[in-house]
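Overview (structure and organization)
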Amino acid sequence: MSTKAHNNSHDTRDMSPAEKQQVHINRMDRPPYSQPDTPFKPRHEGSCFCGAVKFQISRERPLEAKFCHCHGCQLLHGAPFQWAAIFHKDDVRFTAGREQLVYWSSSEVSQEYVLPCKVSCGTCRSPIMDEGRNMLLLFPTLVHFEDARQRRVFQPRRAMDVPDGLPKWTEHKDASELMPETVGEKRGAVDGEV
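A brief structural summary. Note that the structure is a prediction, hence the values are computed from the model and not measured.

The next point concerns the nonpolar core. If you look at soluble globular proteins, the nonpolar side chains tend to sit buried side by side. By size, the foremost hydrophobic cluster in this structure holds 24 residues, and its most contacted members are Tyr-33, Phe-55 and Ile-128. Elements supplying a minimum of two residues to this core: strand E2 (54–57), strand E4 (82–88), strand E5 (92–96), strand E6 (101–104), strand E7 (117–121), strand E8 (127–131) and strand E9 (135–138). Ranked by residues supplied to this core, first place goes to E7 with three residues. Not counting residues within four places of it along the chain, the set of residues in contact with Ile-128 comprises Cys-48, Val-53, Phe-55, Phe-94, Leu-101, Val-119, Ser-120, Cys-121, Leu-137, Leu-138, Phe-139 and Leu-142.

Per the counting criterion, the structure on display carries seven aromatic pairs. Judged by centre distance (6.2 Å) and plane angle (80 degrees), the rings of Tyr-33 and Tyr-113 are edge-to-face. With Tyr-33 in the loop between helix H1 (17–26) and strand E1 (44–47) and Tyr-113 in the loop between E6 and E7, the pair connects residues that are 80 residues apart, well separated along the chain. Classification of Tyr-113 as buried rests on a relative accessible area of 0%. With centroids separated by 6.1 Å and ring planes inclined at 70 degrees, the aromatic side chains of Phe-55 and Phe-94 adopt a geometry described as edge-to-face. Of this pair, Phe-55 sits in strand E2 while Phe-94 sits in strand E5, and the two are 39 residues apart along the sequence. Like Phe-55, the residue Phe-94 is buried in the burial classification. Put simply, the rings of Tyr-33, Phe-55, Phe-94, Tyr-103 and Tyr-113 pair up and form one aromatic cluster.

Along the polypeptide, Gly-122 turns up in the loop between E7 and E8. Taking the C-alpha atoms as reference points, Gly-122 and Arg-98, 24 residues apart in sequence, are found 9.8 Å from one another. If sequence neighbours within four positions are ignored, Gly-122 has contacts with Gln-100 and Val-102.

The element E7 is largely enclosed, with a buried count of five among its five residues. Side chains of E7 alternate between two faces, with Cys-117, Val-119 and Cys-121 and Lys-118 and Ser-120 buried alike. The pairing of E6 with E7 spans four bridges and is antiparallel. Residue pairing in the sheet places Val-102 in a bridge with Ser-120 of E7. Bridge count for E7 against E8 is four bridges, and the pairing is antiparallel. By the bridge assignment for E8, Lys-118 is matched with Asp-130. Once E7 ends, the chain turns through five residues before running back antiparallel as E8, passing Arg-125 with a positive phi of about 70 degrees.

Another aspect to go through is unusual backbone geometry. That bond from Leu-115 to Pro-116 is cis: its omega, -5 degrees, falls within 30 degrees of zero. Residue position: Pro-116 is located in the loop between E6 and E7.

This part covers a nonpolar patch on the surface. A cluster of nonpolar residues, Leu-76, Trp-104 and Val-109, forms a patch on the protein surface that exposes about 280 Å² of accessible area. Secondary-structure assignment places Val-109 in the loop between E6 and E7. Judged by its relative accessible area of 61%, Val-109 falls in the exposed class.

Definitions and limits used
- Residues numbered from 1 in each chain as written.
- Predicted model: local features only at pLDDT ≥ 70, side-chain atom pairs only at ≥ 80, totals over all residues.
- Heavy atoms only, no water.
- Core = buried A, V, L, I, M, F, W, Y, C linked by side-chain atoms within 4.5 Å.
- Buried < 20%, exposed > 50% of the residue type's maximum accessible area, 1.4 Å probe, protein only.
- Helix = DSSP H or I, 4+ residues; strand = E, 2+ residues; numbered from the N terminus.
- Contact = heavy atoms within 4.5 Å.
- Phe/Tyr/Trp six-rings, centres within 6.5 Å; stacked < 30°, edge-to-face > 60°.
- Pairing = 2+ DSSP bridges.
- Patch = residues over 30% accessible without salt bridge, like charges linked within 9 Å, V, L, I, M, F, W, Y side chains within 5 Å.
- Areas by Shrake-Rupley, 256 points an atom, 1.4 Å probe, with all protein chains shown as cover.
- Salt bridge = Lys/Arg side-chain N within 4 Å of Asp/Glu carboxyl O.

Spatial relationships are all this shows, so hold off on functional conclusions.
Here it is, written out as structure tokens:
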């Protein structure tokens with residue numbers, strides 16, 4: 001079966017519970033969960049912390065990379081920001097542990113498979129990716145990359161300044177305002193103050 005036959009943009013928000021359940025059941029028939037018949041040349045490999053979930057990436061580099069400082073990403077990652085590499089769904093395929101994957105839909109406050117959702121290993125709970133309706137946001141700490149185009153988003157909510165020369169956006173790239181490299185002076189912070 002060709003990946004072109006798959007509809008990856010399942011918007012389940014207006015579906016009945018039975019329809020949502022069918023999307024959940026059929027998810028393994030679509031990339032990145034399926035093993036497509038189309039040629040797939042793995043260029044990178046990755047896995048969760050315990051190694052139960054393994055995946056391959058066919059794209060040499062991500063389409064883009066981002067750092068998100070929103071409160072949700074801070075809570076879900078237990079970190080000051082989320083770092084993600086953006087890929088098409090058919091750029092990635094799982095090679096082991098698909099049955100180990102667990103899902104979290106913050107919009108539905110549910111563990112059912114509703115897009116967009118967070119995908120993690122059910123054994124070690126390592127965050128693997130955010131699966132959107134059309135794209136994936138894989139977490140680069142699980143993969144080996146030499147270079148990636150990057151940006152920082154939701155900067156006003158950041159827990160710390162990261163003076164790295166990357167553009168900093170108040171919300172999504174090109175849909176909000178650019179911010180200065182650091183905001184310590186703007187907030188009136190005192191050196192050493194946490």
